[in-house]
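Examination of the molecular architecture
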Amino acid sequence: MDHEKHQQFAERLVHNQHRVFAYLVSLVGNRSDAEELFQQTSLTLWQTWDRYDLDQAFMPWACGIARNHVQNYRRKQKRSRVRLDPDVLELLASESVPQDREGDRLPALRECLGALPERSRNAIESYYGGRSVTRIADETSSTVNAVYKLLHRARELLHDCVRNKLGEAT
């Protein structure tokens, strides 16, 4: 049973790692800090995998561990320009915990991706297919900044479209 449980845990972690990372970015607003926190969170998840209840949703559990790392990070951060009250951090964390609605989200995302303008869709597919922003810029004769803006707008369109399809409040 332990081997099977470990395998299921590993599959859920791998499947959700991008969502955990996105959650961390939403809390700290900085990819560099989020990457470090993601490494710490991943290590903790692996160290405590045997405490995870397979009958429970993975994301709330993983995001709880991530939130603890963010709180520790904020305590250690001495020169932060913005210091959030712990209650505000808790509110932000609870509002941005991804819900386990993957079964609904994926078809909505596919549909929304298909509705994007071709240039935006190609940029999203290239970026999430593993190409760097610099390479996409070179391939499309654009500037790196223009590609970042294009990706940002495309993500916003996808986010709004998926929320609209799922009937979520904005």
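What counts as what
- Residues numbered from 1 in each chain as written.
- Predicted model: local features only at pLDDT ≥ 70, side-chain atom pairs only at ≥ 80, totals over all residues.
- Heavy atoms only, no water.
- Helix = DSSP H or I, 4+ residues; strand = E, 2+ residues; numbered from the N terminus.
- Buried < 20%, exposed > 50% of the residue type's maximum accessible area, 1.4 Å probe, protein only.
- Contact = heavy atoms within 4.5 Å.
- Areas by Shrake-Rupley, 256 points an atom, 1.4 Å probe, with all protein chains shown as cover.
- Core = buried A, V, L, I, M, F, W, Y, C linked by side-chain atoms within 4.5 Å.
- Phe/Tyr/Trp six-rings, centres within 6.5 Å; stacked < 30°, edge-to-face > 60°.

A closer look at the overall build of the protein chain
Within the protein chain, the regular secondary structure consists of eight helices and zero strands. Secondary structure elements of the protein chain, listed N to C terminal, follow the sequence α-α-α-α-α-α-α-α. Counting all 170 residues of the protein chain, 34% fall into the buried class. For the protein chain, contacts bridging at least 24 residues in sequence account for 66% of all contacts bridging at least 6. With the model as given, the accessible surface of the protein chain reaches about 11200 Å², and the carbon-plus-sulfur share is 50%.

With respect to the nonpolar core
Of all hydrophobic cores here, the largest spans 23 residues; its most connected members are F9, L24 and F58. Listed by contribution, the elements that provide at least two residues to this core are α1 (2-28), α2 (31-47) and α3 (58-76). Listed in part, the 15 residues of the second largest apolar core include C112, I136, A137 and L158.

Describing the packing of aromatic side chains
For the coordinates displayed, the defined rule picks out nine aromatic pairs. Residues F9 and W49 carry aromatic rings whose centres are separated by 6.5 Å and whose planes lie at 40 degrees to one another, so their mutual orientation is tilted. Separated by 40 residues along the polypeptide, F9 in helix α1 and W49 in the loop between α2 and α3 bring together distant segments of the chain. Since its relative accessible area comes to 0%, F9 is described here as buried. Grouping aromatic residues by their ring pairs yields a cluster made of F9, W46, W49, Y52, F58 and W61.

Function-wise, these values are silent; they only describe arrangement.
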